[in-house]
Amino acid sequence: MTRALEFRTVDDGSATRVAEAFSLIRAVVKGHSTFEEEVLFPALESKASLACTPYLLDHEAENELFGSIEGLLADVQSGAGPRHSALASKLERQIVALNAVLALHSRKEDTHLFALAKERLGIEEQAALASQAPRYLPQEIMPQLLPRVVRALTIDEQEDYLRMMMRVVPNPVFLAMAGWVKAGLGAEEWTTLVGRIPELASTAG
Ligand SMILES: [Fe+2]
């Protein structure tokens with residue numbers, strides 16, 4: 001996930017590309033945070049009071065940075081202000097800060113929050129909570145998001161991920177997802193995946 005959130009440099013020519021990537025990342029992070037705040041945190045706080053307070057503070061910091069970056073991106077794209085390069089430099093610093101906040105947040109969740117959930121919640125409750133997560137991601141972003149997620153995985157992880165999806169989603173949905181992945185991967189990478197998952201050979205596109 002962290003790799004997918006990394007930006008590199010921002011200049012006049014790349015501002016539009018960064019803005020597109022940024023709006024996708026913001027939608028994903030918003031879905032993640034809203035799911036946690038509405039579903040996961042209340043369940044955990046009922047078993048471990050105040051356990052989620054640090055994560056709520058992280059979400060506030062993320063929101064402030066997202067808002068600041070959104071404003072700076074709009075200014076860079078419109079060429080506003082007499083010191084355009086200074087705006088771009090500030091934007092780069094804010095993006096680096098956001099990446100650091102998100103990376104630390106996800107490391108803390110992986111090592112602390114999910115361990116706490118395993119310790120305090122039963123397996124059935126964990127499954128019931130996790131099953132609510134997908135509805136917090138806007139479906140219209142999936143054609144863009146899915147190839148990015150798959151590209152960030154190793155080939156073994158890609159195979160595991162697609163085989164898992166093949167098991168849990170209806171076949172027409174899986175074929176649509178496979179089409180988005182195919183469109184987002186290079187021909188060689190796609191051929192390698194089909195070699196591992198022959199069911200992908202009939203993917204359209
Ligand atoms: Fe979170």
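The present account deals with the structure reproduced in this document. Worth saying up front: this structure is predicted, and the values here are computed from it rather than measured.

1. Comments concerning the coordination of the iron ion
For the iron ion, the full set of protein donor atoms is H32 (NE2), E36 (OE), H59 (NE2), H105 (NE2) and E109 (OE), and the range of their distances to it is 2.1 to 2.6 Å. Read in sequence order, the donor residues for the iron ion give the motif H-x3-E-x22-H-x45-H-x3-E. Residue H32 is located in helix α2 (residues 15-45), and its partner H105 is located in helix α4 (residues 84-120); the two are separated by 73 residues in the primary sequence. Take H105: its relative accessible area is 3%, and that puts it in the buried class.

2. Focus on the packing of aromatic side chains
One pass over the structure, following the stated rule, counts 3 aromatic pairs. Here F35 and Y136 contribute two aromatic rings whose centre-to-centre distance is 5.9 Å and whose plane-to-plane angle is 65 degrees, an arrangement assigned as edge-to-face. Highlighted residues: F35 in helix α2 and Y136 in the loop between α5 (123-130) and α6 (142-151), separated in sequence by 101 residues. Taking the relative accessible area as the measure of exposure, F35 reaches 12% and is therefore buried. Their ring planes at 45 degrees and their centres at 6.3 Å tell us that F41 and Y55 sit as a pair that is tilted. Of this pair, F41 sits in helix α2 while Y55 sits in helix α3 (residues 53-78); the two residues are 14 residues apart in sequence, bridging distant segments of the chain.

3. Brief notes about the packing of α2 against α3
Geometry of a packed helix pair, given as the angle between the helix axes and the separation of the axes. Running from N to C, α2 and α3 cross one another at 160 degrees; their axes reach a closest spacing of 11 Å. If you check the angle between α2 and α3, you find them roughly antiparallel. The chirality of how α2 crosses α3 is left-handed. Looking at side-chain class alone, the contact of α2 with α3 contains 13 nonpolar, 8 polar and 6 charged residues.

4. Digging into the side chain of T203
Within the secondary structure layout, T203 lies in the segment after α9 (187-196). Overall, T203 belongs to the buried group, its relative accessible area being 6%. Here the side chain of T203 touches L200 through a polar contact of 2.7 Å, landing on its backbone oxygen. Those residues in contact with T203, other than ones at most four positions away along the chain, are L175, A178, G179, K182 and W190.

5. Looking at the side chain of E109
Looking at the secondary structure, you find E109 in helix α4. Among buried charged residues, E109 stands out as having no salt bridge; its nearest opposite-charge side chain is K108, 8.4 Å away. In this view, E109 contacts H32, E36, Y55, H59 and F114; residues no more than four positions away in its chain are not counted.

6. Details of the nonpolar core
Counting residues in hydrophobic clusters, the biggest one holds 17 residues, and the most contacted among them are F22, F66, I69, L73, L91 and L98. Mapped onto this core, the elements with two or more residues apiece are α2, α3 and α4. When near neighbours in sequence (up to four residues on either side) are disregarded, F66 contacts F22, I25, R26, V29, L98 and L102. Counting residues in hydrophobic clusters, the runner-up holds 16 residues, among them F35, L44, A51 and Y136.

Calculation notes
Residues numbered from 1 in each chain as written. Predicted model: local features only at pLDDT ≥ 70, side-chain atom pairs only at ≥ 80, totals over all residues. Heavy atoms only, no water. Donors = N, O, S within 2.8 Å, 3.2 Å for Na, K, Ca; no water. Helix = DSSP H or I, 4+ residues; strand = E, 2+ residues; numbered from the N terminus. Buried < 20%, exposed > 50% of the residue type's maximum accessible area, 1.4 Å probe, protein only. Phe/Tyr/Trp six-rings, centres within 6.5 Å; stacked < 30°, edge-to-face > 60°. Axes fitted to C-alpha atoms, helices over the stretch in contact; angles between N-to-C directions. Parallel < 35°, antiparallel > 145°, perpendicular 65-115°, else oblique. Left-handed = near helix turned anticlockwise from the far one by under 90°. Nonpolar A, V, L, I, M, F, W, Y, C, P; charged D, E, K, R; others polar. Polar contact = N/O pair within 3.5 Å; in protein donor to acceptor, adjacent residues only side chain to side chain. Contact = heavy atoms within 4.5 Å. Lys, Arg positive; Asp, Glu negative; His and termini not counted. Salt bridge = Lys/Arg side-chain N within 4 Å of Asp/Glu carboxyl O. Core = buried A, V, L, I, M, F, W, Y, C linked by side-chain atoms within 4.5 Å.

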